[in-house]
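These are the residues of each chain, in order.
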Amino acid sequence: MDVISEFFTEYDGLKAFQQTIYLTLLSALFALVIGTAVAVMRVSPVKVLQVIGSAYVNIVRNTPLTLVIVFCNLGLFLQLGIQLANPNSPTSIDDNNFRLAVLGLSVYHAAFVAEAIRSGVNTVPLGQAEAARAIGLPFLKTLRYVVLPQAFRGAIAPLGNVLIALTKNSTVASVIGVTEASAVMKVMMENRPDVIFVVFGIFAIGFVILTLPVGILFTSMSKRLAVKR
Amino acid sequence: MSTTSVLFDAPGPKAKRLYAAVGVGSIVVLLLILWFVISKLNEKDQLTAAKWKPFLTAEIWTEYLIPGLIGTLTAAAIAVVLSLTIGILLGVGRLSAAAWIRWPCGIVVEFFRAVPVLMMMLFAYALFGYYDLFPSERLPLAAVVFGLMFYNGAVVAELVRSGVHSLPKGQNEAALAIGLTTQKTMRLVLLPQAITAMLPAIVGQLVVILKDTALGYIITYEELLRKAEQIGNFKSNLLPALIVVGAIFVIVNYFLGLGAVKVEQRMRRRGRSAGGPLAPDQIDQTAVAAAAAAALPPQEQIR
């Protein structure tokens with residue numbers, strides 16, 4: 001089983017999974033921010049904002065992630081020359097690719113986060129919003145103090161699913177040269193095709209380890225935090 | 001979905017003015033962003049006729065875009081058929097009364113749902129290549145289909161399971177009471193109703209499969225995205241090519257999504273199945289009711 005020790009030494013598989021985790025967490029943060037904003041736009045009373053919000057969701061949700069990521073690199077960087085890293089630093093190419101990947105992943109998953117939060121808003125009973133209006137809260141305060149706190153708690157299970165999907169989708173970043181888990185797996189498979197099942201097994205288990213606890217955690221959180229009605 | 005309108009009162013004169021102001025303000029912001037994007041594109045000479053004209057010529061369509069679309073649709077179609085087959089088998093297996101069938105099916109489903117599709121494609125590509133299982137020109141297609149088939153098969157298996165769970169208990173009990181075996185109960189009573197209830201979700205899953213064929217780009221499968229790159233190299237208009245291909249994806253998927261909604265509405269009218277239809281939104285790639293599905297009572301998970 002020398003291939004397992006090779007995974008830790010020669011290929012530095014842990015570093016690769018570390019990249020996967022960084023990609024996931026950073027993108028999750030940005031996607032949550034963008035997604036919440038889009039969800040608020042979609043439930044807002046202003047028609048224009050509703051249209052913008054649903055156009056964003058419909059366009060992004062129907063575009064393949066691979067295309068989004070490739071567009072970030074080939075389109076934004078190579079064609080339009082948009083740099084997200086200091087071009088003078090020695091690691092600028094790697095940094096730039098990493099940040100472009102985070103950009104693509106965030107923009108893509110924000111659409112799913114928005115849908116999750118909107119489904120959370122739908123779990124809040126009508127009486128809550130009506131009561132908030134009855135005591136004179138305007139729209140934004142109704143959202144901020146009454147509806148969104150409950151909506152987030154109702155949206156935890158779908159948000160967890162988005163996070164799991166994001167973890168898995170971060171592998172697509174390898175297409176623009178981020179050395180995360182799947183990129184390292186590809187190299188290992190090319191060098192050691194004789195033990196291809198073992199290599200696949202190692203990386204597959206890595207992803208099971210990453211996603212399984214998230215699933216369990218979010219399920220238990222969604223039960224614990226669900227608003228009792 | 002109409003619940004959202006409850007979040008705010010019918011606007012009075014003051015609120016109407018405010019909304020109008022916010023609306024106009026956001027249009028202005030939108031136009032500013034658009035203007036910025038267009039000027040940026042213009043600055044980099046992306047809006048010249050030479051870059052966009054090729055899409056009006058027959059050559060680009062017959063040589064690149066249509067073959068690319070056919071490549072995408074072929075992979076998606078094969079993957080759909082195969083994933084439905086193994087999905088139904090795994091789903092039924094997971095509901096089996098025999099533990100020695102239930103457990104392995106459960107492990108297989110959970111495993112394939114946890115592993116990224118791209119990794120399965122890379123694995124299949126390396127595996128099929130190393131053991132020479134497919135002729136080299138078919139290798140990318142085989143790898144794409146392999147990855148899509150197992151991931152989506154696992155998703156369909158979960159759909160079947162939640163579909164069967166969403167049926168009223170009386171269906172199962174009545175079937176057993178008239179003397180059907182558990183197998184026949186599943187085949188004649190539960191599965192047909194579950195599949196009808198799942199139909200919108202399955203159509204929704206088609207969008208996911210179609211989108212994921214674009215992963216084939218990474219293993220050199222000749223689909224739309226790869227063709228976009230080729231057009232870009234040929235006419236040196238990479239950015240327009242990516243935008244056009246993106247638009248094709250959005251249009252095709254948007255209509256598939258509409259189809260899912262239509263199927264759902266139709267079934268709601270017909271109401272033949274004892275369980276309600278599953279919402280298509282719910283069963284996206286991201287929104288597959290993961291571990292939560294197993295733990296929640298059926299009514300909650302399909303809400």
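Before reading further, recall that the structure is shown in the block above.
Peer 1: Summarise the overall build of chain B; cite the residues concerned and give the values.
Peer 2: Of regular secondary structure, chain B possesses 12 helices and 0 strands. In sequence order, chain B lays out its α and β elements as α-α-α-α-α-α-α-α-α-α-α-α. Within chain B, contacts between residues at least 6 apart in sequence are counted, and of these 75% link residues at least 24 apart.

Peer 1: Go over the interface of chain B and chain A with me, naming the residues and quoting the values.
Peer 2: Contacts between chain B and chain A engage 53 residues on the former and 61 residues on the latter. Those elements that place two or more of their residues in the side of chain B that touches chain A are α1 (13–43), α5 (117–131), α8 (182–212), α10 (238–270) and α11 (291–295) of chain B. Ranked by residue count, the leading element in the side of chain B that touches chain A is α10(B), at 10 residues. Across the side of chain B that touches chain A, the residue classes break down as 37 nonpolar, 10 polar and 6 charged.

Peer 1: I'd like to hear about helix α9 (residues 224–235) of chain B, residue by residue, with values.
Peer 2: With 12 residues, α9(B) should cover 16 Å at 1.5 Å per step; its first-to-last C-alpha distance of 16 Å lies within 8% of that length. Residues of α9(B) that are buried in the fold lie against α4 (65–79) of chain A together with α3 (58–94) and α10 of chain B. In the segment just after α9(B), Ser236(B) is the residue with positive phi, at about 45 degrees.

Peer 1: Give a detailed account of the packing of α9(B) against α10(B), specifying residues and quantitative values.
Peer 2: Residues and elements named next belong to chain B. It is at 8 Å that the axes of α9 and α10 come closest, and there the two elements cross at 155 degrees. It follows that α9 is roughly antiparallel to α10 by the angle criterion. Once α9 is placed against α10, the crossing between them reads as right-handed. Taking contact as the criterion, the partners of Leu-224, Leu-225, Ala-228, Ile-231 and Gly-232 in α9 are, on α10, Leu-238, Ala-241, Leu-242, Val-245, Ile-248 and Phe-249. Of the residues in the contact of α9 with α10, the class split is 10 nonpolar, 1 polar and no charged.

Peer 1: Let's hear about the packing of α3(B) against helix α4 (residues 99–114) of chain B: which residues, and what values?
Peer 2: Axis angle and axis distance: for two packed helices, these are the angle between their axes and the distance between the axes, and together they describe the pair. Residues and elements named next belong to chain B. Closest axis-to-axis distance for the α3/α4 pair is 7 Å, and the angle between their directions is 130 degrees. Relative to α4, α3 is oriented oblique. Two packed elements cross with a definite hand, and for α3 against α4 that hand is left-handed. Here Leu-90, Gly-93 and Arg-94 of α3 come into contact with α4, specifically with Ile-101, Arg-102, Cys-105, Gly-106, Val-108 and Val-109. Looking at the contact of α3 with α4 residue by residue, the class counts come to 5 nonpolar, 2 polar and 2 charged.

About the thresholds
- Residues numbered from 1 in each chain as written.
- Chains lettered and ligands numbered in written order.
- Predicted model: local features only at pLDDT ≥ 70, side-chain atom pairs only at ≥ 80, totals over all residues.
- Helix = DSSP H or I, 4+ residues; strand = E, 2+ residues; numbered from the N terminus.
- Contact = placed C-beta atoms within 7 Å.
- Nonpolar A, V, L, I, M, F, W, Y, C, P; charged D, E, K, R; others polar.
- Expected span 1.5 Å × (residues − 1).
- Axes fitted to C-alpha atoms, helices over the stretch in contact; angles between N-to-C directions.
- Parallel < 35°, antiparallel > 145°, perpendicular 65-115°, else oblique.
- Left-handed = near helix turned anticlockwise from the far one by under 90°.

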